[in-house]
Amino acid sequence: MAELKHTRQRAAILQVLSEGEGPRSAEEVFSALHDEFPNLALSTVYRNLERFSQEGLVRKESFNDGVIRYTATQEHGHYLICTVCDKKIRLEHCPLSDMEKELARDTGFEIDSHSLTLYGKCPACLAHEKDPRKP
Ligand SMILES: [Zn+2]
Ligand SMILES: [Zn+2]
């Protein structure tokens, strides 16, 4: 029975990461699953995420804030991140894939992966900055 529970938790953690809302920290995964698995411990989430990362199921990303976040690996993606409210927007296309091919050809490198994240302020935060009385 413990094994089944374990398998369901693993599946649920992966599910949260592949829902496409961008990279999630262990804490975010933990709170997303808290209703469904009230007995799930944060340490268990951490342990599973580390194992997934070793198994190549998820990729670890570390942004400017120093928090480690995890993305399901089939979700290759790039993000625009608002440095004020932490809103994340996923780019529709990978702007680097052509460049990667070209670079591989020019340099002889076999390129396995890349990362690209853009930081700035979202329109809502910019508007708030101009007029702080608005929420
Ligand atoms: Zn913002
Ligand atoms: Zn890319």
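Just so it is clear, the structure is predicted and the values come from calculations on it, not from any experiment.

Enquirer: Even after reading the chapter, I still don't get the coordination of the zinc ion (ligand 1), so can you show me in this structure?
Expert: Six octahedral donors at a metal ideally form angles of 90 or 180 degrees, and four tetrahedral donors ideally form angles of 109.5 degrees. Donor atoms from the polypeptide that coordinate the zinc ion (ligand 1) comprise Cys82 (SG), Cys85 (SG), Cys122 (SG) and Cys125 (SG), at 2.2 to 2.3 Å from the metal. Geometry at the zinc ion (ligand 1) is tetrahedral, judged from the four donor atoms that bind it and their angles of 105 to 114° at the metal. Going along the chain, you hit the donors of the zinc ion (ligand 1) in the pattern C-x2-C-x36-C-x2-C. Overall, the relative accessible area of 3% leaves Cys82 in the buried class. The class of Cys85 is partly exposed, set by a relative accessible area of 40%.

Enquirer: What am I meant to see in the domain arrangement of the protein here?
Expert: The parts lose accessible area when they come together, and the size of an interface is often stated as this lost area. As assigned here, the protein comprises domain 1 (1–75) and domain 2 (76–135). Taking the mean C-alpha position of each, domain 1 and domain 2 sit 22 Å from one another. Counting residues at the interface gives ten residues for domain 1, matched by nine residues for domain 2. Both sides of the domain 1 and domain 2 interface together cover about 820 Å² of buried area, and 47% of this is carbon and sulfur. Inspection of the region where domain 1 meets domain 2 yields one salt bridge. Here Arg69 and Asp86 are joined by a salt bridge, their closest N and O atoms 3.8 Å apart.

Quick notes on the rules
- Residues numbered from 1 in each chain as written.
- Chains lettered and ligands numbered in written order.
- Predicted model: local features only at pLDDT ≥ 70, side-chain atom pairs only at ≥ 80, totals over all residues.
- Heavy atoms only, no water.
- Donors = N, O, S within 2.8 Å, 3.2 Å for Na, K, Ca; no water.
- Tetrahedral: all angles 85-135°; square planar, octahedral: opposite > 155°, others 65-115°.
- Buried < 20%, exposed > 50% of the residue type's maximum accessible area, 1.4 Å probe, protein only.
- Domains from an automatic or database assignment.
- Contact = heavy atoms within 4.5 Å.
- Buried area = accessible area lost by both parts, 1.4 Å probe.
- Salt bridge = Lys/Arg side-chain N within 4 Å of Asp/Glu carboxyl O.

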